[in-house]
Amino acid sequence: MSLVPVIGFVVIALLAVAFATVPLWRMTQKKGRALMLGAITLFMLAVGGGTYFLVGRPHLAERSAQGLNIREINGLVPYLIDRVRAHPEDARAWRYLGQAYMAAGDPRDAAKALAKVIALTGKGDAGLDAAFGEVLVADGGGQVPPEAEDAFNAALKADPKNGPARFYLGMAKAARHDRAGALALWQDLLADVPATAPLHQILVDRIAMLTSQTPGGAPNPRAMVEMLAARLKTDPNDALGWVRLMRAYTVLGENQKAKEALDTARKTFATNKDAQTAFTTAAKALKLE
């Protein structure tokens, strides 16, 4: 951390002490001294609070000084761009810029920024390699391009338990009809994911999709839907699963079953406002009501 903010704090603190103590000791009345002590306390609290934002959270102080809108992620991007232009070897600033671009929905520029970080620091940081692979997947519309696969392999080499690497490498293998390879990765990942996590249900569905197809063949959509319906009958507490089931029935042209799934989902999540909103949104999009 830079010493400039610390030195500034020390100077301010010394001035505060001088400002407060000189008149204090000139006072002879106890009441006056008590009032002054109270004033000192409030003043030092103000100094301490300001110092916390200056030293403890310098990024907020810097953004404020630059006149940035910290409520919007896009407001952070110009500051980070200025930073990397002034300090092109600052890998941390490049990494923050990549994260800001991704949060702002710009995976292409995020990929460029993270590629710069890897060029500066090299591969071997599992989190960084996986993040780079993810932005490449996002930029590719959900497909796993070779460069992303290389990044995920690097992440998996550094950390064999890296979740994003196992998930997306499974996607890449499934796209190449390597069912055994994809299942090995996803089943291994499934064992590490809590049953209540959304990723758990996604993995269950993808594994079901792969196991419903013949070796080297295409998946059987109806078998996949039946598996999803059977799982929800056993464990109905999966709001996203019900949305997927509604959509799947609609794709198959079975609107009545989709409506029945909607009705069951609403009854299951009767007191969950967020789930009800999701069901209503899906119903309108699928023209179920």
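Everything numeric here is computed off the predicted structure, so don't read it as measured data. (Residues numbered from 1 in each chain as written. Predicted model: local features only at pLDDT ≥ 70, side-chain atom pairs only at ≥ 80, totals over all residues. Heavy atoms only, no water.)

Visitor: Residues and numbers for the overall build of the protein, please.
Guide: Along the protein, the regular secondary structure elements total 15 helices and zero strands. Put simply, the protein has 289 residues, and 36% of those count as buried. Taking the contacts inside the protein whose residues are at least 6 apart along the sequence as the reference set, 39% of them involve residues at least 24 apart. (Helix = DSSP H or I, 4+ residues; strand = E, 2+ residues; numbered from the N terminus. Buried < 20%, exposed > 50% of the residue type's maximum accessible area, 1.4 Å probe, protein only. Contact = heavy atoms within 4.5 Å.)

Visitor: Pulling in residues and values, what's your account of the nonpolar core?
Guide: Formed by 44 residues in total, the largest nonpolar core has its most connected members in Leu 97, Phe 132, Val 144, Phe 152, Phe 167, Tyr 168 and Trp 186. Taken together, the elements giving at least two residues each to this core come down to helix 4 (77-86), helix 5 (91-103), helix 6 (107-121), helix 7 (126-139), helix 8 (146-158), helix 9 (163-175), helix 10 (179-190) and helix 11 (198-211). At seven residues, the largest contribution of residues to this core is made by helix 7. Those residues in contact with Phe 132 that lie beyond four places of it in its chain are Ala 111, Leu 114, Ala 115, Ile 118, Glu 147 and Ala 151. Core analysis: the second largest hydrophobic core is formed by 20 residues, Val 225, Trp 242, Met 246 and Ala 283 among them. (Core = buried A, V, L, I, M, F, W, Y, C linked by side-chain atoms within 4.5 Å.)

Visitor: Talk me through the packing of aromatic side chains; I want residue IDs and the actual numbers.
Guide: All chains considered together, the criterion is met by four aromatic pairs. Ring geometry for Phe 167 against Tyr 168: centres 5.2 Å apart, planes inclined by 85°, an arrangement best described as edge-to-face. Accessibility expressed as a relative area gives 12% for Phe 167, which makes it buried. Relative to Trp 186, the ring of Phe 167 has its centre 6.2 Å away and its plane inclined at 35°; by these criteria the two rings are tilted. Remark: Trp 186 occurs in helix 10 and Phe 167 occurs in helix 9; sequence separation between them is 19 residues. (Phe/Tyr/Trp six-rings, centres within 6.5 Å; stacked < 30°, edge-to-face > 60°.)

Visitor: Break down the layout of surface pockets for me, with residues and values.
Guide: Of the voids in this model, the second largest pocket is the one considered here, and its volume is about 410 Å³. Elements supplying a minimum of two residues to the lining of the second largest pocket: helix 11, helix 12 (221-234) and helix 13 (239-251). Residue contributions to the lining of the second largest pocket peak at five residues, all from helix 11. Along the lines of polarity and charge, the residues of the lining of the second largest pocket split into 10 nonpolar, no polar and four charged. (1 Å grid on protein atoms, 1.4 Å probe; cavity = no way out; pocket = protein on both sides within 12 Å on 5 of 7 lines; lining within 4 Å. Points joined across faces, edges and corners; volume = space filled by probe spheres on them. Nonpolar A, V, L, I, M, F, W, Y, C, P; charged D, E, K, R; others polar.)

Visitor: Would you mind going over the side chain of Arg 231 in detail, with residue names and values included?
Guide: Secondary-structure assignment places Arg 231 in helix 12. Overall, Arg 231 belongs to the buried group, its relative accessible area being 15%. At 3.2 Å, the side chain of Arg 231 forms a polar contact with the side chain of Asp 238. (Polar contact = N/O pair within 3.5 Å; in protein donor to acceptor, adjacent residues only side chain to side chain.)

Visitor: I'd like to hear about the confidence of the model for the protein, residue by residue, with values.
Guide: A residue-level look at the protein finds 71% of positions with pLDDT of 70 or above and a mean pLDDT of 77. Across the protein, element-level confidence peaks in helix 8 with a mean pLDDT of 96 and bottoms out in helix 3 (residues 58-65) with 33. Residue range residues 1-71 is modelled with pLDDT below 50. Its contacts to residues more than four positions away, or to other chains, number 38 contacts. (pLDDT = per-residue confidence, 0-100.)

Visitor: So what's going on with the packing of helix 4 against helix 5? Residues and values would help.
Guide: At a minimum axis separation of 9 Å, helix 4 and helix 5 run at an interaxial angle of 150°. With respect to helix 5, the axis of helix 4 lies roughly antiparallel. Note that helix 4 runs across helix 5; the crossing there is left-handed. Of the residues in helix 5, those in contact with Val 77, Leu 80, Ile 81, Arg 83 and Val 84 of helix 4 are Ala 93, Trp 94, Tyr 96, Leu 97, Ala 100 and Tyr 101. (Axes fitted to C-alpha atoms, helices over the stretch in contact; angles between N-to-C directions. Parallel < 35°, antiparallel > 145°, perpendicular 65-115°, else oblique. Left-handed = near helix turned anticlockwise from the far one by under 90°.)

Visitor: Go over the pattern of salt bridges with me, naming the residues and quoting the values.
Guide: Applying the stated criterion across every chain yields a total of 14 salt bridges. The shortest N-O distance in the salt bridge between Arg 176 and Glu 149 comes to 3.0 Å. In this pair, Arg 176 sits in the loop between helix 9 and helix 10 while Glu 149 sits in helix 8, placing the two residues 27 residues apart along the sequence. We classify Arg 176 as partly exposed; its relative accessible area is 46%. For Glu 149, a relative accessible area of 16% corresponds to the buried category. The shortest N-O distance in the salt bridge between Lys 161 and Asp 192 comes to 3.4 Å. Separated by 31 residues along the polypeptide, Lys 161 in the loop between helix 8 and helix 9 and Asp 192 in the loop between helix 10 and helix 11 bring together distant segments of the chain. Exposure remark for Asp 192: the relative accessible area of 40% places this residue in the partly exposed category. (Salt bridge = Lys/Arg side-chain N within 4 Å of Asp/Glu carboxyl O.)

Visitor: I'd love a proper account of the environment of Asp 82, names of residues and values included.
Guide: When you line up the elements, Asp 82 lands in helix 4. Sequence separation between Asp 82 and Ala 93 is 11 residues; the distance between their C-alpha atoms is 9.9 Å.

Visitor: Describe the environment of Pro 88, with residues and values.
Guide: Turning to its location among the elements, Pro 88 is positioned in the loop between helix 4 and helix 5. Through-space distance from the C-alpha of Pro 88 to that of Leu 120 is 9.6 Å; in sequence the pair is 32 residues apart. Among residues more than four places away in sequence, those in contact with Pro 88 are Trp 94, Lys 116 and Leu 120.

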